[in-house]
Amino acid sequence: CKQVFKISTGSANLDKLLGGGVESMSITQVFGEAGSGKTQIAHTLCVTTQIPTEDYSGGKVMFIDTERSFRPNRIRQIARRFHLSEDSVLQNILYIRAYNSEHQYQILKNVAVKFHEDTGVFKLLIVDSIIALFRNDFMGRGVLLNRQQKLAETMSLLKKISEEYNVAVFITNQVTTSMNNKFPLLTIGDDVKPVGGNILAHSSTTRVALRKLTGNVRIAKIHDSPELAEQEEAFTITNGGVQD
Ligand code: ADP
């Protein structure tokens, strides 16, 4: 029997918002403007996933990178915060770079094979970002339908992986900003929408909108969840990763 577990984000506030943390057998999507903290949360999760708790054994991480966002030095800094060996933490993160949307899909197929062989070893699968390569490969209106179909296949594979191998899937998504906003500085964060349409929206179990407040403070808000309240929480980005 598969036991659902939750991985801490490093911020108690953010964990509370998520109902305890990033959940296994489930897809958590964060979206927000560049610099809103998506990749920093992903990096912190790379470390916290490895820390066992009372009801969670800890495990390895698979990081699929589409935008060269992975920073080993950040992982080292975050590992120091948790008093862990920097080298072992890095060794427990399997890093794969995806070059186009088809490659990304093939990688996920291989990930499924790897998870099957190494039963129970991996606890977190990150795709940062889920949409970037699709936006590159399918430009213009004429190919949108085709893009959405491929995106749906990718999301359904992610869902299958999360459920079959009891892992948490964490994906980052981009946003569009409405251009006809007269006062962009006053309403920043309220006029951004996640990209990827209905398919990306409905295939994610939990969606979290991120926005910048001031300095290193960020606001996370649950977006359209059937289970979680639509509340907000603040967190900060520090040398040690994401925290309250
Ligand atoms: P994105 O949402 O585009 O993935 P990131 O997660 O990469 O954004 O967040 C980038 C933000 O994190 C920047 O504002 C940057 O200043 C901040 N940041 C990165 N490293 C640190 C650090 N060591 N201490 C404090 N803030 C940091």
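Cut-offs used in this document
Residues numbered from 1 in each chain as written. Predicted model: local features only at pLDDT ≥ 70, side-chain atom pairs only at ≥ 80, totals over all residues. Heavy atoms only, no water. Near = heavy atom within 4 Å. Polar contact = N/O pair within 3.5 Å; in protein donor to acceptor, adjacent residues only side chain to side chain. Areas by Shrake-Rupley, 256 points an atom, 1.4 Å probe, with all protein chains shown as cover. Phe/Tyr/Trp six-rings, centres within 6.5 Å; stacked < 30°, edge-to-face > 60°. Buried < 20%, exposed > 50% of the residue type's maximum accessible area, 1.4 Å probe, protein only. Helix = DSSP H or I, 4+ residues; strand = E, 2+ residues; numbered from the N terminus. Axes fitted to C-alpha atoms, helices over the stretch in contact; angles between N-to-C directions. Parallel < 35°, antiparallel > 145°, perpendicular 65-115°, else oblique. Left-handed = near helix turned anticlockwise from the far one by under 90°. Contact = heavy atoms within 4.5 Å. Nonpolar A, V, L, I, M, F, W, Y, C, P; charged D, E, K, R; others polar. Pairing = 2+ DSSP bridges. Salt bridge = Lys/Arg side-chain N within 4 Å of Asp/Glu carboxyl O.

If you check the shell around the ligand, you find 13 residues, and the closest are G35, K38, T39, Q40 and R218. With respect to the ligand, the backbone of G37 contributes an N or O atom lying 3.1 Å from an oxygen atom. R218 is positioned with one of its side-chain polar atoms (N or O) 2.8 Å from an oxygen atom of the ligand. For the ligand, whose unbound accessible area comes to 580 Å², protein coverage reaches 66%.

Across all of its chains, the model carries seven aromatic pairs by this definition. Both rings, one in F115 and one in F122, keep their centres 5.1 Å apart while their planes meet at 25°; by these two values the pair is stacked. Residue classification places F115 among the buried residues on the basis of a relative accessible area of 3%. On the numbers, 6.2 Å between centres and 80° between planes, the contact of F115 with Y165 is edge-to-face. On the criterion of sequence distance, the pair formed by F115 in helix α5 (residues 101-117) and Y165 in the loop between α7 (144-164) and β7 (168-173) is long-range, its members being 50 residues apart. As far as burial versus exposure is concerned, F115 and Y165 are alike and both buried. In this structure an aromatic cluster arises from ring pairing among F63, F70 and Y95.

If you want to describe how two helices pack, look at the angle between their axes and the distance between the axes. Direction vectors running N to C along α5 and α7 enclose 15°, while the axes themselves pass 10 Å from each other. It follows from the interaxial angle that α5 and α7 lie roughly parallel. As α5 runs across α7, the sense of the crossing is left-handed. Taking contact as the criterion, the partners of Q104, Y105, L108, K109, V111, A112 and F115 in α5 are, on α7, E153, T154, L157, L158 and I161. Here the contact of α5 with α7 is composed, by residue class, of eight nonpolar, two polar and two charged.

A separate point is the sheet that holds strand β11 (residues 217-222). Hydrogen bonds between backbone groups are what pair the strands of a sheet, and the pairing can be parallel or antiparallel. Taken together, the nine strands give an open sheet; going across it, the order is β5-β4-β6-β7-β3-β10-β11-β12-β13, and neighbouring strands pair in mixed fashion. Of all strands in the sheet, those with a lone pairing partner are β5 (93-97) and β13 (241-243), marking the two edges. The average undirected angle you get between the axes of adjacent strands in this sheet is 25°. The sheet contact formed by β11 and strand β12 (residues 232-238) spans five bridges and is antiparallel. By the bridge assignment for β12, R218 is matched with F235. Its contacts with the sheet put helix α3 (residues 72-81) on β5, β12 and β13, and the angle it makes with β13 is roughly 45°.

As a further point, take the pattern of salt bridges. In the structure shown here, the tally under the stated rule is 10 salt bridges. Across the pair D224 and R207 runs a salt bridge whose closest N-O atoms are separated by 3.6 Å. Of this pair, D224 sits in the loop between β11 and β12 while R207 sits in strand β10 (residues 206-212); the two residues are 17 residues apart in sequence, bridging distant segments of the chain. Residue classification places D224 among the exposed residues on the basis of a relative accessible area of 55%. Owing to a relative accessible area of 9%, R207 belongs among the buried residues under this scheme. One salt bridge connects E232 with R211, and the closest N-O pair in it is separated by 3.0 Å.

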